[in-house]
Amino acid sequence: MLKIPESTIKQIQENVDIVAIVSQKLLLKKSGKNYYGLCPFHEEKTPSFTVSPEKQLFYCFGCGKGGNVFQFLMETEKLTFVEAVRKLSKYCDVRLTESILTPNSKSFKKTFEKEKVYEALECAMHYYHNILLDGLLGKEALAYLFQRGLTVATIKEFCLGYAPFDLDISIFLQNKGFSTDVIKKTGLFSKGHDTFAGRIIFPIYDRDGKVCGFGGRALSDDIKPKYLNSKGTLVFEKSNILFNYCV
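Think of each chain on its own: its residues are numbered from 1, step by step along the sequence as written. Selection of residues for local features in this predicted model requires a pLDDT of at least 70, selection of side-chain atom pairs for listing and counting requires 80 or more, and totals for whole chains, interfaces and linings are taken over all residues. Computation of side-chain values covers all heavy atoms of the structure but excludes hydrogens and water.

Chemist: When you look at helix α4 (residues 81-91) in this model, what are you seeing that I'm missing?
Modeler: In an α-helix, one turn spans 3.6 residues, which is why side chains three or four residues apart end up on the same side. Residues of α4 that are buried include every one of Val 82, Ala 84, Val 85, Leu 88 and Ser 89, and no others. Down the axis, α4 shows its buried residues gathered within 160 degrees of arc, on one side only. Two residues or fewer past α4, Asp 93 is found with a positive phi of approximately 60 degrees. With a 1.4 Å probe rolled over the protein chains alone, any residue whose accessible area is under 20% of its type maximum counts as buried; one over 50% counts as exposed, and the rest are partly exposed. Helix numbering and strand numbering both begin at the N terminus, where a helix is a DSSP run of H or I of at least 4 residues and a strand a DSSP run of E of at least 2. Here, the arc refers to the directions that run from the helix axis to the C-beta atoms.

Printed below as a string of structure tokens:
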């Protein structure tokens, strides 16, 4: 399998505007910081597909599909990751260098594993966010955030969420196709229960805008500790990453 250096992938991401790429496929309208349109992955009459130029990510609140500009091309044009990278490299005039990486190599397995963990965390973020805004399970948490002066716009901007006691994040992720091993490596489930159960969720992003972990604030005084961050994982290094700030 061909492996494209991470530095090249990052360079392409930094030089490609996801809004411009998505706009080639569908009509987008700006609202606040983001752009909205009808989802290309399922039929809908009311736009639920959103594109964030700040995070360079897309997400549909209707069908749950989301990701970066590479994943958008992969989904809409049925391309492999390498094909999507090649196409975007031409679009932004980035010279592409490739190296050989076999599926059985340790480097390939580690890279693939990290990407699956990133995908699972992204999926979990939207799961928590939808619970906070769209269901009875998040009613109390939403009322608390309003009481603290947060608006719906702010909640959506930072994609805040809520992890209820009544739902199992591991079952949700399994239903989305993630393996038990990947779920375990997200740090979202441990000792037989959800790590952040009963907490308001704050996604933490890495330098590339990927969700790499979470911060949680206990909704009840009975839950200890009051504040909890993700433990160290394949994609989250406590010493290097803080909420809304990377070093």
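Okay, back to it.
Chemist: Help me out: how do you make sense of the side chain of Ser 48 in this one?
Modeler: Examined against the element boundaries, Ser 48 turns out to sit in the loop between β3 (34-37) and β4 (49-52). A residue is classified by how much of its surface remains accessible, and Ser 48, at 15% relative accessible area, is buried. Contacts: residue pairs with any heavy atoms within 4.5 Å of one another. Those residues in contact with Ser 48 that lie beyond four places of it in its chain are Gly 37, His 42, Tyr 59, Cys 60, Phe 61 and Gly 62.

Chemist: How do you make sense of the sheet that holds strand β5 (residues 57-60) when you look at a structure like this?
Modeler: Whenever strands of a sheet pair, they do so through backbone hydrogen bonds, lying parallel or antiparallel. In short, DSSP must find at least two bridges between two strands for them to pair. Read across the open sheet, the 5 strands follow the order β2-β3-β4-β5-β6; overall the sheet is antiparallel. Two strands lie at the open edges of the sheet, namely β2 (29-31) and β6 (66-67), each paired on one side alone. Relative to β6, β5 is paired through 2 bridges, and the arrangement is antiparallel. From the neighbouring strand, Tyr 59 faces β6, where its bridge partner is Gly 66.

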